[in-house]
Amino acid sequence: MSHEDFPTDNQAVVTCGLPYANGDLHVGHLRTYVGGDVYARSLETLGQQTAFVSGSDMHGTPVAVNAEQEGVSPEEFALGYHEEYEATFPKFNVDFDNYGHTHDETNTELTQALVRELDERGYVYEKEIMVAYDPEDDQYLPDRYVEGTCPYCGEHARGDECDEGCQRHLEPGEIEDPVSTISGNPAEYHERTHKFFEVSEFSDYLTEFLDRLEGTSNAQNQPREWIEQGLQDWCITRNMDWGIDYPSDEAGESGEEAGGDEEDLVLYVWVDAPVEYIASTKQYTERVGAETFDWEQAWNAGEAASEPGPDAGGEIVHVIGRDIIQHHTIFWPAMLRGSDHVEPRAVMASGFVTLGGKGFSTSRNRAVWADEYIDEGFHPDLLRYYLATNGSFQRDVDFSWDKFRERTNNELVGTVGNFLYRSLLFAYRNYDGAPADVDGASDEVESRINGAIDDFTAAVNDYSIRDVGDAVTHLAAFGNEYIQRNEPWQLVDDDPEEARQVIYDCVQLAKAIAVLFEPVAPEKCERIWAQLGESGSVHNTTVADALEAPDGGLAEPTELFEKIPEERVEELNEKLEARVAEATEGEADEETEESEEAEAADEASEPTMTDFEPLADERISFDDFEDLDIRVGRIESAEGIEGADKLVRLEVDVGAETRQIVAGLKQLHDVDDLEGQKVVVLANLEKAELFGVESNGMVLAAGDQADLLTTHGDAEPGTKVQ
Ligand SMILES: [Zn+2]
């Protein structure tokens, strides 16, 4: 791996967090997969050799629990979803070079080899631990089989993760007041021997690794806190049947420890899940040959390994949801380090997608399902554009059909589609293609296209897929302005030579748009490419092709995008509301019917409409209001407060002076983005001390999302709000 700008001479591997084979895919899930696909395609457009891989996560207790409830084997249960995912991704033009699953032979072998390696190097030890056990059902209760109270924050939590509270990974035996999720019986703790991976040995390494790590800032910042709090070793085995067996000592070697009281242990699902990234890359190599893509070189594994460490191997980019940052920035890099694999170059952690401001809920059927979107007849590239460019990647974003329609109609139809159609139609009718006798694009247009290529390249190196999309819509907006300003329909008669130049420029711009927009809207861009009469697939082009002379003959242009009528959105909103209402009613009398563990998280985090506090009855006088000294402020600097999950220390310019204010914004805003933001400050609130830091005033924000209040005009800091 290097830390040079993309494109580098190394092979890149872009991975997507494995979908868990436990339920249907909805639009919220797709954000990560579309994001990964856009990123992988963007790297290829820069000329970077890239493999894009993922696979289904088959193991773990949620699959085992749900299979048990449905009366099928875990394998059958998980394979059903695996096949569904495999069929769904291509419908959204999410085009993995290889899509495997964690229960296949490749992953099983590589996982066992990696664990054996860790064991041989002394990073694995045995320890007696308390394991939850249901005495009535005579069953061990690993992970999701048990729920209880988080020992760190006191919130209700799953056996392996504090999903509703502090988001920490929980070790077996940590959860308090354990209860079986299957039977509802209170659980006992029994002592059992388990294998532990010595993550704590890697603290120093991980601290340095995080300094090098690229990607989104949430993936760097959160793990730093976890390391500062001290890393716990990690129990990597479970008492259950479903999973990859803990690798026994190789046959033939001394078996002195064989027999005895060894129980059947499988590896914890989070050991074999990320190894699928390697396994999937290996399967890709097996299909295309090492001369096309060499998995061993990319992962720096096996015989091909040269010097291990940051300078060897490929550029590994993990695209994940923000709920699995810890696994990808602590455990996984430690596993890779401990087994001489290359470390990840970047982790891109996406925010969640909400629906009307609330979390998706599988059990309440409040979701926009992947298949449903397709069945509604919308083109996949519309959703890709919407998901890729609706807010920065690491922020939570809201899905609404209204916004979907607005972005489609304004940006895809109004800006991109409009430019392409009007300019290509003009070229087709008047010149049958790019006008002849023109000596290349004008300086102005060439420099604009170069600017777009620069923006595109910077976006890839900033890990910002939104900026990838914006680079193109800006170029198309320029195209519209260019054709409007030059009025080729007038020039055709007045100045035919100039008219040819203007239309040639437009065809060149259309070609550049096709090349640069392909990562976001691959299918639509193939259509532009065909309309332009270009040969081959636009998928195989690189940024340099954006400035290559257009090939000439045009096919008759058709509109690329269609407007979504308002009635469609009303219809969709009604459908969704009706379904949610129905599902909520049905839920009352079949409480425990659905697989709760999968939904506990989103249900808890979703405020319902009735959660709004009623408006206050009691009125205050104008004088009371006058007592509040509310001012416009500007954030001069912002930094997280050590030991506090959410708090940020701000220096806020409030006109007459600069105030130090502590605000609970860290989880909801990128701290780096706060600087320069205009805010509204309650200046005469009494001083308070939070985590040892004095707070002198209050920054006003709306709701749990801490949506910052600001001004719309240019009121200076210090201006009184009245
Ligand atoms: Zn917690």
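Residues numbered from 1 in each chain as written. Predicted model: local features only at pLDDT ≥ 70, side-chain atom pairs only at ≥ 80, totals over all residues. Heavy atoms only, no water.

All right, on to the coordination of the zinc ion then. Taken together, the protein donors to the zinc ion comprise C150 (SG), C153 (SG), C162 (SG) and C166 (SG), at separations of 2.3 Å. Coordination at the zinc ion is tetrahedral, judged from the 4 donor atoms that bind it and the angles of 99 to 118 degrees they form at the metal. Here the donor residues of the zinc ion are spaced in sequence according to C-x2-C-x8-C-x3-C. Among the residues examined, C150 registers a relative accessible area of 1% and is labelled buried. (Donors = N, O, S within 2.8 Å, 3.2 Å for Na, K, Ca; no water. Tetrahedral: all angles 85-135°; square planar, octahedral: opposite > 155°, others 65-115°. Buried < 20%, exposed > 50% of the residue type's maximum accessible area, 1.4 Å probe, protein only.)

A word on the sheet that holds strand β14 (residues 315–321). The strand order across the open sheet built from 6 strands is β3-β2-β1-β14-β15-β10, with neighbouring strands paired in parallel fashion. In the strand order of this sheet, the two ends are held by β3 (98–101) and β10 (214–215), each with one partner. With 5 bridges joining them, strand β1 (residues 12–16) and β14 adopt parallel strand pairing. The residue bridging T15 from the neighbouring strand is H318, located in β14. (Pairing = 2+ DSSP bridges. Helix = DSSP H or I, 4+ residues; strand = E, 2+ residues; numbered from the N terminus.)

Another point: the pairing of strand β15 (residues 346–350). Where burial is concerned, most of β15 is hidden: 5 out of the 5 residues are buried. What you see with β15 is no split at all: A346, M348 and S350 on one side and V347 and A349 on the other are buried throughout. One ladder, built from 5 bridges, connects β14 with β15; its direction is parallel. Its bridge partner lying in β15, G321 is registered against S350.

What follows deals with the sheet that holds strand β9 (residues 188–197). One open sheet accounts for 4 strands, arranged β5-β4-β9-β11; its pairing is antiparallel. Sheet topology places β5 (139–140) and β11 (234–235) at the edges, where each strand pairs with a single neighbour. Of the pairings in the sheet, the one linking strand β4 (residues 124–134) to β5 comprises 2 bridges and is antiparallel in character. Bridge pairing in β5 links D134 to Q139.

Right, let's get into the packing of aromatic side chains. This structure, assessed with the given rule, holds 33 aromatic pairs. Aromatic pair W234 and F331: ring centres 4.0 Å apart, planes at 5 degrees, arrangement stacked. A residue pair is termed long-range when its members are at least 10 positions apart, and W234 in strand β11 and F331 in helix α9 (residues 325–338) qualify at 97 residues. Each member of the pair W234 and F331 is classed as buried. With a centroid separation of 5.6 Å and 35 degrees between ring planes, the pair formed by Y373 and F378 is classed as tilted. Taking the relative accessible area as the measure of exposure, F378 reaches 10% and is therefore buried. Every member of this aromatic cluster is reached through a ring pair, and the members are F92, Y373, F378, Y386, F399, W401 and F404. The ring of Y268 carries the charged tip of R238 above its face, separated from the ring centre by 3.9 Å. Looking at R345, its charged tip hangs above the ring of F6, at a distance of 3.9 Å from the centre. (Phe/Tyr/Trp six-rings, centres within 6.5 Å; stacked < 30°, edge-to-face > 60°. Lys NZ or Arg CZ within 6 Å of the ring centre and 35° of its normal.)

Counting residues in each nonpolar core, the largest one holds 127 residues, and the members touching the most others are Y39, F399 and F517. Of the residues forming this core, the biggest block, 14 residues, is contributed by helix α16 (residues 496–517). Judged by nonpolar contacts, the second largest core, of 55 residues, contains M1, F202, A273 and W299. (Core = buried A, V, L, I, M, F, W, Y, C linked by side-chain atoms within 4.5 Å.)

Before going further, it helps to spend a moment on the pattern of salt bridges. For the coordinates displayed, the defined rule picks out 31 salt bridges. Three or more residues joined by partner-sharing salt bridges are found here, namely R144, R158, D160, E161 and D163. (Salt bridge = Lys/Arg side-chain N within 4 Å of Asp/Glu carboxyl O.)

Another point: the environment of R212. Position of R212 among the secondary structure elements: in helix α5 (residues 203–212). Classification of R212 by relative accessible area gives partly exposed; the value is 24%. Measuring from C-alpha to C-alpha, the distance between R212 and A346 comes to 8.7 Å, with 134 residues separating the pair along the chain.

Our focus in this paragraph is the confidence of the model for the chain. For the chain, mean pLDDT is 89; residues scoring 70 or higher make up 91% of the total. Contacts from residues 303–310, a stretch scored under 50 in pLDDT, to residues over four places away or in other chains number 16 contacts. Below pLDDT 50 for its whole length, residues 589–611 participates in 37 contacts with residues either more than four positions away or in separate chains. (pLDDT = per-residue confidence, 0-100. Contact = heavy atoms within 4.5 Å.)

Here we take up the state of the cysteines. Think of a disulfide as a covalent bridge from one cysteine sulfur atom to another cysteine sulfur atom. Within the structure shown, the criterion is met by 0 disulfides. Note on C16: no disulfide assigned, nearest cysteine sulfur contributed by C525 at a separation of 20 Å. (Disulfide = S-S within 2.5 Å.)

What follows deals with helix α3 (residues 74–91). When the terminal C-alpha atoms of α3 are compared, their 26 Å separation across 18 residues agrees well with the 26 Å that a helix rising 1.5 Å per residue should span. Within α3, the full set of buried residues consists of F77, A78, Y81, H82, Y85, T88 and F89. Projected down its long axis, α3 shows its buried positions confined to an angular sector of 135 degrees, all on one face. Of the surrounding elements, those touching the buried residues of α3 are α1 (27–45), β2 (50–56), α2 (61–70), β3 and α10 (370–375). (Expected span 1.5 Å × (residues − 1). Arc of directions from axis to C-beta.)

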